[in-house]
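Close look at the chain arrangement
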Amino acid sequence: MKSYSEATVGSLNLFNENKKVMPYGVSSNYRFFEPYPLYIKKGKGSRVWDVDGNEYVDYNLGFGVMEVGYGNERIVREVSKVIEEGTILGFEYYRTGELAREISRRYGAEMVRFSSTGTEATMHSIRIARAFTGRKKVVKFEGHYHGSHDQLLVNVNPPNPKGKIMSSLGIPEETVVNTIVVDWNDIDEVEKVMKEDVAAVIMEPVAMNMGLIPTKEDFLREVVKMSKEVGAVVIFDETKTGGKAYSGASGEFGIKPDLMILGKSITGGFPLSVIGGKREVMEVIGPGKTAHGGTYNANPVSVVSSLVTLKEILTEDAFYHMRRLNRMLVKGYEEIGEDVGIDVSISSWGTSGTVFFSDEVPENYKEFIATDVRRWFSYFFTCLEEGVIPMGGFNEQWTLSVSHSEEDVKRHLEAAEAGLKKAKEGGMNFSTDESF
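Residues numbered from 1 in each chain as written. Predicted model: local features only at pLDDT ≥ 70, side-chain atom pairs only at ≥ 80, totals over all residues. Heavy atoms only, no water.

Okay, the overall build of the chain next. Check the secondary structure of the chain and you find 15 helices and 14 strands. Computed over C-alpha atoms, the radius of gyration of the chain comes to 21 Å, within 12% of the 22 Å expected from 2.2 N^0.38 for 436 residues, which places it in the range of a compact globule. Considered along the principal axes of its C-alpha atoms, the chain spans approximately 60 × 55 × 45 Å. Considering the chain as a whole, with its 436 residues, one finds that 57% of them fall into the buried category. Counting only contacts in the chain whose residues sit at least 6 apart along the sequence, the fraction spanning at least 24 positions is 74%. (Helix = DSSP H or I, 4+ residues; strand = E, 2+ residues; numbered from the N terminus. Rg over C-alpha atoms; globule rule 2.2 N^0.38 Å. Buried < 20%, exposed > 50% of the residue type's maximum accessible area, 1.4 Å probe, protein only. Contact = heavy atoms within 4.5 Å.)

A few words now on the sheet that holds strand 10 (residues 273-277). Here seven strands make up an open sheet; going across it, the order is 4-10-9-8-7-5-6 and the pairing mixed. For this open sheet the edge positions go to strand 4 (111-115) and strand 6 (179-182), each flanked by a neighbour on one side alone. Between one strand axis and the next, the sheet turns through 20° on average, direction left out of account. For strand 5 (residues 137-141) and strand 7 (residues 198-203), the ladder comprises three bridges, and the chain directions are parallel. Each bridged residue has a counterpart across the sheet, and for V138 the counterpart in strand 7 is A200. (Pairing = 2+ DSSP bridges. Axes fitted to C-alpha atoms, helices over the stretch in contact; angles between N-to-C directions.)

On to the packing of helix 4 (residues 73-85) against helix 11 (residues 300-313). Each pair of packed helices can be summarised by the angle the axes make with each other and by the distance between the axes. Helix 11 packs onto helix 4 with a crossing angle of 150° between their chain directions and a minimal axis gap of 9 Å. Relative to helix 11, the element helix 4 lies roughly antiparallel. Classified by chirality, the crossing of helix 11 by helix 4 is right-handed. Contacts between helix 4 and helix 11 pair R74, I75, E78, V79, V82 and I83 from the former with P300, V301, V304, S305, V308, T309, E312 and I313 from the latter. Classifying every residue of the contact of helix 4 with helix 11 gives nine nonpolar, two polar and three charged. (Parallel < 35°, antiparallel > 145°, perpendicular 65-115°, else oblique. Left-handed = near helix turned anticlockwise from the far one by under 90°. Nonpolar A, V, L, I, M, F, W, Y, C, P; charged D, E, K, R; others polar.)

The topology assignment puts D258 in the loop between helix 9 (248-253) and strand 9 (259-262). Here the side chain of D258 touches V234 through a polar contact of 2.8 Å, landing on its backbone nitrogen. Once residues within four sequence positions are removed from consideration, D258 is found in contact with A232, V233, V234, G276, G277, K278 and V281. (Polar contact = N/O pair within 3.5 Å; in protein donor to acceptor, adjacent residues only side chain to side chain.)

Quick look at the pattern of salt bridges now. Under the criterion given, the structure shown has 22 salt bridges. Between R77 and E78 there is a salt bridge whose closest N-O contact spans 3.7 Å. The exposure class of R77 is partly exposed, given its relative accessible area of 43%. Residue D183 is joined to K366 by a salt bridge in which the shortest nitrogen-to-oxygen separation is 3.0 Å. You can see D183 sitting in the loop between strand 6 and helix 7 (187-193) and its partner K366 sitting in helix 13 (residues 365-369), a full 183 residues away along the chain. Exposure remark for D183: the relative accessible area of 11% places this residue in the buried category. (Salt bridge = Lys/Arg side-chain N within 4 Å of Asp/Glu carboxyl O.)

Bringing the packing of aromatic side chains into the picture now. Tallying each qualifying case throughout the model produces 28 aromatic pairs. Where Y4 meets F33, the ring centres are 6.4 Å apart and the plane angle is 50°; that geometry is what we call tilted. Here Y4, found in helix 1 (residues 2-7), pairs with F33, found in the loop between helix 2 (9-18) and strand 1 (40-44); they are 29 residues apart in sequence, far enough to count as distant. Each of the two residues, Y4 as well as F33, counts as buried. (Phe/Tyr/Trp six-rings, centres within 6.5 Å; stacked < 30°, edge-to-face > 60°.)

Our focus in this paragraph is the nonpolar core. With 112 residues, the main nonpolar core has Y333 and Y379 as its most contacted residues. Residue contributions to this core peak at nine residues, all from helix 12 (residues 316-340). Once residues lying within four places of it in the same chain are set aside, the contact partners of Y333 are I346, V355, Y379, P390, W398, H412, L413, A416 and L420. Judged by nonpolar contacts, the second largest core, of 17 residues, contains I128, V138, L152 and V284. (Core = buried A, V, L, I, M, F, W, Y, C linked by side-chain atoms within 4.5 Å.)

Before going further, it helps to examine helix 11. Taking 1.5 Å per residue, 14 residues should reach 20 Å; helix 11 reaches 19 Å between its end C-alpha atoms and fits that length. The buried fraction of helix 11 amounts to twelve of the 14 residues, a majority that puts the element mostly inside the structure. Turning to helix 11, its buried residues are P300, V301, S302, V303, V304, S305, S306, L307, V308, T309, L310 and I313. Packed against the buried residues of helix 11 are helix 4, helix 5 (96-107) and helix 12. (Expected span 1.5 Å × (residues − 1).)

On to the side chain of D183, then. A distance of 3.0 Å separates a polar atom in the side chain of D183 from a polar atom in the side chain of K366. Setting aside residues no more than four positions away along its own chain, D183 makes contact with F141, E142, E189 and K366.

This part takes up the environment of M1. Topologically, M1 is positioned in the segment before helix 1. Along the backbone, M1 and S378 are 377 residues apart, and their C-alpha atoms lie at a distance of 9.2 Å. Excluding anything up to four places from it in sequence, M1 contacts P35, F381, M428 and F430.

Moving on, we come to helix 4. Relative to the 18 Å expected for 13 residues at 1.5 Å per residue, helix 4 spans 19 Å between its end C-alpha atoms, a close match to the ideal helical length. Those residues of helix 4 not exposed but buried are I75, V79 and V82. Relative to the axis of helix 4, the buried residues are bounded by an arc of 55° and lie together on one face. Exposed residues on helix 4 whose side chains face more than 90 degrees from its buried face are E73 and E84. On its buried face, helix 4 sits against helix 11. Here helix 4 starts with a cap whose side-chain oxygen sits 3.0 Å from the backbone nitrogen of R74, and that cap is N72. Just downstream of helix 4, G86 is the residue with a positive phi angle, here 120°. (Arc of directions from axis to C-beta.)

This is the structure:
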């Protein structure tokens, strides 16, 4: 910690000033970590610079948002034109349908509505599912995060998972009485709760908020099958996964959910989320029917940025590049872990991966929270000292961008080697409290 403190005096000073007027000195709980957060000044390509001038090769990428790379010239050029013509126009922007058709083509959604954040989109999706089915209960999986609205902020990252646990103060028990929580990758648990009164089953098709925990594909297909048998709406929350593969997890697995949420990287750094799905489900939306609104929904800046991102930047060739680098990174981690002689396991999917300090990759949240998180902090701060942000938190993953190079991967692995060696010496006792 001495090296971190000496190198980030500017961040410490900002933290001490900001926390007087902002709780914990940040605008999102996710951005805080002990002993104090980094304050970033700018980003370009695969790199960011903090207020002290330290340069980092960044694999957090705004928690997976910036796969296009920071300051992408194509996005800057097109968005600059839009800003001159008006950032909010009140009525519907004329290119919204063009983006809806592109998303329909790429992700297989028959109809689309836009919101601004993943939290809004998942909140609306639950309402849509309830309106469509006329039922109340929603099944979610422990360790899966679907935004910070009350009804799904349950058993996200509890330090001591046991029973139903609200993931925030201020959530009344009666708000989540219709929320059912089950273990990921456990089909027997799902079968026990899958009844005729279930309106929806919502999931990240690849778990990405307890590290990256791969999905048992048979499990995923069985959950979808059971849901259809009882008439429940299947919601894939692809806020993260939708940008980790060309057509998201649904395209990779060849599974078409009833509703799909998209966001983060598909917009190239601007706020936009997508609720897409089957026509018969989406048609419950409308005046006098099911509510959906938002002043900033499909604003011109976000729409144009998303069109450029999907059509010109995050192409199939781009995903080939990013996934090739990801395979290099995974292989490097595995070799370093073996050479260092430390128990680590590496998981990966699409453009992302996670290092777990355990002898096997966890299969669910309870196994994840049992990994040696203390060693993760030793690894993380050592990587920062080496000029690499390996991922955003112990329950996150790294992400590759179109701007990352083989040289960047080599630098990441050099930092990782130093980090794993330090982790082998021991861990750091920092808080693992939920950060929403």
